[in-house]
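Commentary on secondary and tertiary structure
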Amino acid sequence: MKDIKHYINGHYVGSASGKLFDNVNPANGKVISKVHEAGREEVDAAVQAAKAALRGPWGKMTLEQRTAILHKVADGINARFDEFLEAECLDTGKPKSLASHIDIPRGAANFKVFADMIKNVPTESFEMPTPDGTGALNYAVRRPKGVVGVISPWNLPLLLMTWKVGPALACGNTVVVKPSEETPTTTALLGEVMKDAGVPDGVYNVVHGFGGDSAGAYLTEHPLVDGFTFTGETGTGEVIMKAAAKGIRDISLELGGKNAGLVFADCDMDKAIEGTMRSAFANCGQVCLGTERVYVERSIFDEFVGRLKEAAEGLKIGPPDDAEANMGPLVSLKHREKVLSYYQKAVDDGATVVTGGGVPDMPAELAGGAWVQPTIWTGLADDSAVVTDEIFGPCCHIRPFDTEEEAIQLANSLPYGLASAIWSENITRAHRVAGQIEAGIIWVNSWFLRDLRTPFGGSKQSGIGREGGVHSLEFYTEMKNICIKL
Ligand SMILES: NC(=O)C1=CN([C@@H]2O[C@H](COP(=O)(O)OP(=O)(O)OC[C@H]3O[C@@H](n4cnc5c(N)ncnc54)[C@H](O)[C@@H]3O)[C@@H](O)[C@H]2O)C=CC1
Ligand SMILES: O=C(O)/C=C/C=C(\O)C(=O)O
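Residues numbered from 1 in each chain as written. Chains lettered and ligands numbered in written order. Predicted model: local features only at pLDDT ≥ 70, side-chain atom pairs only at ≥ 80, totals over all residues. Heavy atoms only, no water.

The name recorded for the protein chain in an unreviewed UniProt entry is 2-hydroxymuconic semialdehyde dehydrogenase, from Marinobacter guineae. Its UniProt record gives the protein chain the following Sequence similarities (unreviewed entry) comment, quoted word for word: "Belongs to the aldehyde dehydrogenase family." (UniProt positions renumbered as here; feature names shortened; annotations may be inferred.)

Below you can see the structure in the form of structure tokens.
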């Protein structure tokens, strides 16, 4: 059986401890590969390599040379598209039809977009008077932050990891990546692409393992890491933030959400159903931007619930290779336990189960997989944990509202503030409501429509900082002002 090693200083290396853990295919519960678990020794080697690489050929390259290499990385992902696709789908169980349109193309785009952007975004310059009349000139330059620790999750593994690594490298940093223990393969494979593209050794490093008391914690505790970027659960974000405080290291956190969809009676119902379907069930509901709370204006509530039920029941659940399938399994049986505990809680709290609520019947060869039914509830109280906690499964609760003010108040009622979707053909209303929603990302009559130049991140407990566009460049560089007395 294949084993997945760390990628340190341009070489694949195993763990000194010999500790390995299983990488499981969530579609059938079978072990796909064995993964080396990093101890402090491997994490230290990766960080030292990253530090040294800052002073090596990478640090001396011109912007043109560096960005040309990043284009080659993107081309390398595209050239090995099928291998990345196969690996991502085996690790996550997601349909190939989804990963081939979203995960893998975005993996490549994340390098191209930021390689081009860093060449074109200006820095500021100010002329100033001085008492002697000669004046002075201030100008700002960007310098890499240094070694960036990238801790990434399992839901969109290649997409979210490269969303951080792409701009970090474009800005001249070096990285140590700790991918999720659930989905190590594409991050490991990217090492080969980096090598072939001419990325110098030590610039891209990968250590595998778990979070607490394992590779994740060892990385955040390492004093030579200059900043951290993390996507994942809010509680984990708090732990990483504490670790980053030691040594005053910068952080960018994209955390959980319990996002609201607001559906007004003046919406285009077809669009609202199609968009809410995707936002609740795409990637088996494992998207931090997904909608788990849907608020619908009372006059169209019954119609909306009926049509979303019909759409959810039309989803085809199946393994990655099933070309008809548009919903895969959850990432693991452990995660399914969590999701099913909320399915049970909904019943205990008196929900009406509109559809789903359990585990689908699957053929014998898939019986060991982490399958769940897409699920819709109505009738829960606003303070039920099902309505307030991020479940991260293919489910949503739908509740009626009577006024625009009530809809806004409901949307803003939780400590999360990541994303929201507004469905209304009245653009004046949509604009007014969008301005009052406490979230970092608002979609109007759409969902997950992404322009990589835009600010991306959450407010309240959904994160700190923004990435995307110039905001990524801000995070991955130190701005230095140079003042020349003329
Ligand atoms: N994109 C998102 O917003 C995601 C949200 N989640 C949410 O989090 C819940 C739990 O899933 P997990 O995989 O446990 O998420 P998590 O937030 O614990 O894991 C994400 C990454 O952080 C690492 N990590 C965990 N603890 C760490 C620590 N103390 N120090 C450094 N790194 C650490 C993990 O190894 C993984 O690479 C899910 O049920 C879901 O609700 C999970 C994954 C992605
Ligand atoms: O960058 C994107 O387009 C997607 C981001 C999605 C997440 O951050 C998530 O699901 O965690």
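When helices and strands are tallied, the protein chain shows 17 helices and 23 strands. In terms of overall dimensions, the protein chain is globule-like: its C-alpha atoms have a radius of gyration of 23 Å, near the 23 Å expected for 486 residues. Considering only C-alpha atoms, the protein chain reaches an extent of 70 × 65 × 40 Å along its principal axes. Each of the 486 residues in the protein chain was classed as buried or not, and the buried ones make up 58%. For the protein chain, restricting intrachain contacts to residue pairs at least 6 apart in sequence, the fraction spanning at least 24 positions comes to 74%. Of the roughly 19100 Å² of accessible surface on the protein chain, a fraction of 54% belongs to carbon and sulfur atoms. Measuring between centres, the 47 positive side-chain charges of the protein chain sit 6 Å from its 62 negative side-chain charges. (Helix = DSSP H or I, 4+ residues; strand = E, 2+ residues; numbered from the N terminus. Rg over C-alpha atoms; globule rule 2.2 N^0.38 Å. Buried < 20%, exposed > 50% of the residue type's maximum accessible area, 1.4 Å probe, protein only. Contact = heavy atoms within 4.5 Å. Areas by Shrake-Rupley, 256 points an atom, 1.4 Å probe, with all protein chains shown as cover. Lys, Arg positive; Asp, Glu negative; His and termini not counted. Charge placed at Lys NZ, Arg CZ, Asp CG, Glu CD.)

This next bit is on the site of ligand 2. Within the structure, ligand 2 sits among 13 residues, and Arg106, Asn155, Glu254, Cys288 and Arg450 are positioned closest to it. Between ligand 2 and Glu254, the relevant distance is 2.3 Å, taken from an oxygen atom to a side-chain nitrogen or oxygen of the residue. One of the backbone nitrogen or oxygen atoms of Cys288 is found 2.8 Å away from an oxygen atom of ligand 2. Contact with the protein chains hides 99% of the accessible area of ligand 2, taken as 310 Å² for the molecule alone. Under a 2 Å grid-point criterion requiring more than half of the atoms, the pocket assigned to ligand 2 is the largest cavity. (Near = heavy atom within 4 Å. Polar contact = N/O pair within 3.5 Å; in protein donor to acceptor, adjacent residues only side chain to side chain. 1 Å grid on protein atoms, 1.4 Å probe; cavity = no way out; pocket = protein on both sides within 12 Å on 5 of 7 lines; lining within 4 Å. Sits in = over half its atoms within 2 Å of the grid points.)

In terms of nonpolar packing, the biggest core is built from 61 residues, with Val165, Leu190, Tyr204 and Leu289 touching the most fellow members. For this core, the element with the highest residue contribution is helix H7 (residues 157–170), accounting for 9 residues. Both domains that meet at this core, namely domain 1 (2–256 + 462–485) and domain 2 (259–444), each give it at least three residues. Beyond its immediate chain neighbours, meaning those up to four positions away, Leu289 contacts Asn259, Leu418, Ala419, Ile441, Trp443, Trp447, Phe448 and Phe456. (Core = buried A, V, L, I, M, F, W, Y, C linked by side-chain atoms within 4.5 Å. Domains from an automatic or database assignment.)

Near ligand 1, the surroundings consist of 26 residues, among which Trp154, Lys178, Glu181, Glu233 and Lys338 are the closest. Within the contact set of ligand 1, an oxygen atom lies 2.7 Å away from a side-chain nitrogen or oxygen of Glu181. Within the contact set of ligand 1, an oxygen atom lies 2.9 Å away from a backbone nitrogen or oxygen of Glu233. Against a free-state accessible area of 790 Å², the protein chains account for coverage of 89% of ligand 1.

Moving on, we get to the layout of surface pockets. In this structure, the largest pocket spans a volume of roughly 890 Å³. Looking at the largest pocket, it is lined by 36 residues, and the ones nearest its centre are Trp154, Glu181, Phe230, Glu233 and Thr236. Elements with a contribution of two residues or more to the lining of the largest pocket: helix H9 (215–221), strand E11 (227–231), helix H10 (234–245) and helix H13 (333–348). Tallied by class, the residues present in the lining of the largest pocket amount to 14 nonpolar, 13 polar and 9 charged. Counting contributing residues per domain, the lining of the largest pocket is built from domain 1 (2–256 + 462–485) and domain 2 (259–444), each supplying no fewer than three. (Points joined across faces, edges and corners; volume = space filled by probe spheres on them. Nonpolar A, V, L, I, M, F, W, Y, C, P; charged D, E, K, R; others polar.)

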